[in-house]
Amino acid sequence: MAQYTPPLRDMQFVLHEVFNVAEEFKALPAHAEVDADTLNAVIEEGGKFAAEVLAPLNRGGDEEGCTLDQGTHEVKTPTGFREAYLRYVEGGWPALSCDPQYGGQGLPITVNQCFFEMLNSANQAWAMYPGLTHGAYECLHAHGTPELQQTYLPKLTSGEWTGTMCLTEAHCGTDLGLLRSKAEPQPDGSYTITGNKIFISSGEHDLAANIVHLVLARLPEAPEGSKGISLFVVPKFLVNADGSLGARNPVYCGALEHKMGIHGNATCQINIDGAKGWLVGEPHKGLAAMFVMMNAARLGVGMQGLGLTEVAYQNALVYAKDRIQMRSLSGPKAPDKPADPIIVHADVRKMLLTARAYAEGGRALSLWTALMIDRELSSPDETIRKDAADQVALLTPIVKAFLTDNAWIATSHCMQVYGGHGYVSEWGMEQFVRDSRINMIYEGTNTIQSLDLLGRKVLGDNGAKLKKFGKLVQEFIEEGGTNEAMQEFVNPLADLGDKVTKLTTEIGMKAFQNADEVGAAAVDYLRVCGHLVFAYFWARMAKVALEKQSGGDPFYKAKLVTARFYFAKLLPETAALIRTARAGAKSVMDEEAFIV
Ligand SMILES: Cc1cc2nc3c(=O)[nH]c(=O)nc-3n(C[C@H](O)[C@H](O)[C@H](O)COP(=O)(O)OP(=O)(O)OC[C@H]3O[C@@H](n4cnc5c(N)ncnc54)[C@H](O)[C@@H]3O)c2cc1C
């Protein structure tokens, strides 16, 4: 069975040695008291919960899956999931970065990000129940009326109730403008909601007393398309004035989807049969309100990719050191044994280092993004808040798509390290591959993320957000300009920065003539930008490691090896990606492509 050890040392390296977060928090009044020791203690305890409580349930959850009782419409989660959830609630974990006004602990989002990486490594299917709850909390916190906030936020904060996001319908996934669910206003100010949703994660389960569904639906005479969608909160059980649970609302799970991975998470068809709901935000502005939850969820999905990359790497590394097959090409490395451990073989090393570089680079990117969210939410300085918000907007599609594409590559490589033993179930590697595949699909497919990045976030504001990030890169390059030891990192970073600028201008010019040029380039473009961002963080990590390696701690030497591997073996992928992005739309949009 797969094992998991929380990567505390690497998290602490990124938090304290690269980003110096405790200093950052001093500038944020809400978090000024959060010092390095507090952070480390929380992360260490969170790691114990992930490794000791959740990881042992991962394999059983995959094998057993969820079951639906057609008579009662109740869903049973796999053995142990409910007990683990109760422990999670008892431990106060749901409240970690929630608002103290509703019972939260008020810790930075950055801490929650570390925690969720570990939950996802240990058990992605389980982690989706609290993950979506956190998104629902954020959406209601931003857009709920004071009454709705008082009713729902304390229970979502404590974890006594969980949340869902109900967007997708059979005929509408990416294109939410097509959705048909209806909301009829009632004299008491509530709405009667009717519709059929599919693919709703955590839509029904036995973990918590109530489920708070956030549902997109149309009001009567709403404008067509995405401009006519409103958002409603629809609880499984209605809530009485004193906060106790009332009548069962007719929002039922009609069926569970059978699927490739994340079997422990209930993916539900949800039939909403005249259920009572309440409007969240403005009429017809539901998508804008829901975007709070979608953005949180997109970062959450990136963390799922990161979590799986890390756990797959850890297991493949142990296996590669132990499994003996064939001799090293350059002569025996373990002459006392009948063969060498497979970790001596160049390609096995390459697969392991790829996973490690993706995990450690991903950790830096995701923690930086979380830090920007903390700045955006808590800085007293408006300019800092605005700059941080721009970075979050730019980086969100990259975190979602680049980290999950990388996880698919990394989990597949790590399975390959096991040879045939990776393909059979016994070692748990094929589960990581299966679980990781959905991350590229839900929360807006990775194609949609790439269109969001190139179309909206970059070309949509004439490159302003990208230029801001470019300024950070430029400042770092200038700082390291005279440092000889940094040239191997800084030069390729600067080179890629120039190329991204030219590529962006070129696609922007072509898009004036033909909008399909954006669609034809977007996926390659996102991957190039992902590498630009990774190169920046890898160069920053290399700088710290160079400064500290003389102390003899092998951690820094390993960090430098991984940084060099990243620049030598992974970053050069951008040359081909830039070429294919520049090759334009003609070859894919040729009208004769599918005439036979
Ligand atoms: C296990 C699982 C859990 C899920 N959980 C939830 C949940 O909790 N809540 C929820 O509401 N939904 C959920 N979903 C739904 C998920 O978000 C959708 O499946 C996803 O958004 C894609 O929609 P679709 O499946 O209808 O595909 P479609 O929208 O039909 O897309 C099909 C293909 O066309 C591509 N495509 C579509 N439009 C464009 C375009 N403009 N340009 C380029 N390519 C395009 C897509 O990228 C995709 O490759 C879940 C799905 C699964 C499988």
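Below: a short report on this structure. (Residues numbered from 1 in each chain as written. Predicted model: local features only at pLDDT ≥ 70, side-chain atom pairs only at ≥ 80, totals over all residues. Heavy atoms only, no water.)

### Focus: the overall build of the chain
Within the chain, the regular secondary structure consists of 19 helices and eleven strands. Across its three principal axes, the chain shows a C-alpha extent of roughly 80 × 65 × 60 Å. When contacts within the chain are restricted to residue pairs at least 6 apart in sequence, long-range pairs at least 24 apart make up 73% of them. When the accessible surface of the chain is split by element, carbon and sulfur atoms take 55% of a total near 24700 Å². Mean positive and mean negative side-chain charge positions of the chain (54 and 70 charges, respectively) differ by 5 Å. (Helix = DSSP H or I, 4+ residues; strand = E, 2+ residues; numbered from the N terminus. Contact = heavy atoms within 4.5 Å. Areas by Shrake-Rupley, 256 points an atom, 1.4 Å probe, with all protein chains shown as cover. Lys, Arg positive; Asp, Glu negative; His and termini not counted. Charge placed at Lys NZ, Arg CZ, Asp CG, Glu CD.)

### Quick notes on the site of the ligand
Near the ligand, the surroundings consist of 18 residues, among which T168, T174, F199, S201 and T445 are the closest. The separation between a nitrogen atom of the ligand and a polar side-chain atom of T168 is 2.7 Å. At a separation of 2.5 Å, an oxygen atom of the ligand approaches a polar side-chain atom of T174. Coverage of the ligand by the protein chains reaches 63% of its 980 Å² of free accessible surface. Those elements that place two or more of their residues in the shell around the ligand are strand 5 (191-201) and helix 13 (446-458). (Near = heavy atom within 4 Å. Polar contact = N/O pair within 3.5 Å; in protein donor to acceptor, adjacent residues only side chain to side chain.)

### Thoughts on empty space enclosed by the protein
In total, this model carries four cavities of 30 Å³ or more according to the counting rule given. Size it by volume and the largest cavity reaches roughly 100 Å³. Lining the largest cavity are 13 residues, and of these A2, A55, N58, R59 and F432 lie nearest its centre. Counting only elements with at least two residues in the lining of the largest cavity, the list comes to helix 4 (58-64), helix 6 (109-143) and helix 12 (429-437). Of the residues contributing to the lining of the largest cavity, the split by class is seven nonpolar, five polar and one charged. Taken as a whole, the second largest cavity spans an internal volume of roughly 70 Å³. Considering the residues around the second largest cavity, the lining is formed by Y88, W93, P94, C98, N112, F116, P130, T133, H134, Y137 and L156. Of the residues assigned to the lining of the second largest cavity, the class counts are eight nonpolar, three polar and no charged. (1 Å grid on protein atoms, 1.4 Å probe; cavity = no way out; pocket = protein on both sides within 12 Å on 5 of 7 lines; lining within 4 Å. Points joined across faces, edges and corners; volume = space filled by probe spheres on them. Nonpolar A, V, L, I, M, F, W, Y, C, P; charged D, E, K, R; others polar.)

### Describing the packing of helix 1 (residues 8-18) against helix 3 (residues 36-54)
Contact geometry for helix 1 and helix 3: axes closest at 11 Å, N-to-C directions at 150°. Taken together, the axes of helix 1 and helix 3 are roughly antiparallel relative to one another. Considering the relative orientation of helix 1 and helix 3, their crossing is right-handed. Between helix 1 and helix 3, the contacting residues are L8, M11, Q12, L15 and H16 on the first element and A36, L39, N40, I43 and E44 on the second. Looking at the contact of helix 1 with helix 3 residue by residue, the classes come out as six nonpolar, three polar and one charged. (Axes fitted to C-alpha atoms, helices over the stretch in contact; angles between N-to-C directions. Parallel < 35°, antiparallel > 145°, perpendicular 65-115°, else oblique. Left-handed = near helix turned anticlockwise from the far one by under 90°.)

### Some details on helix 16 (residues 516-548)
With 33 residues, helix 16 should cover 48 Å at 1.5 Å per step; its first-to-last C-alpha distance of 49 Å lies within 8% of that length. Along helix 16, the sharpest kink reaches roughly 50°, centred on A522. Extensive coverage of helix 16 is indicated by the burial of 26 of its 33 residues. (Expected span 1.5 Å × (residues − 1). Bend = angle between axes of the 7 residues up to and from the residue. Buried < 20%, exposed > 50% of the residue type's maximum accessible area, 1.4 Å probe, protein only.)

### As for the side chain of K559
Tracing the backbone shows K559 in helix 17 (residues 554-570). At a separation of 2.5 Å, a polar atom in the side chain of K559 contacts the side chain of D10. Apart from residues lying up to four places away in sequence, K559 is in contact with D10, F13, E360, W538, M541 and A545.

### Considerations on the nonpolar core
Counting residues in hydrophobic clusters, the biggest one holds 157 residues, and the most contacted among them are F19, L119, W126 and Y525. Per-element accounting of this core gives the leading share, 20 residues, to helix 16. Counting residues in each nonpolar core, the second largest holds 30 residues, with L153, L176, V212 and M293 among its members. (Core = buried A, V, L, I, M, F, W, Y, C linked by side-chain atoms within 4.5 Å.)

### Some thoughts on the side chain of Q149
Structurally, Q149 is set in helix 7 (residues 146-158). Look at Q149 and you get buried, because its relative accessible area is 12%. Side-chain polar atoms of Q149 contact the backbone oxygen of L140, separated by 3.0 Å. In terms of polar contacts, Q149 uses its side chain to reach the backbone carbonyl oxygen of H141, at 2.9 Å. Residues within four places of Q149 in sequence aside, it is in contact with Y102, L140, H141, G144 and P154.

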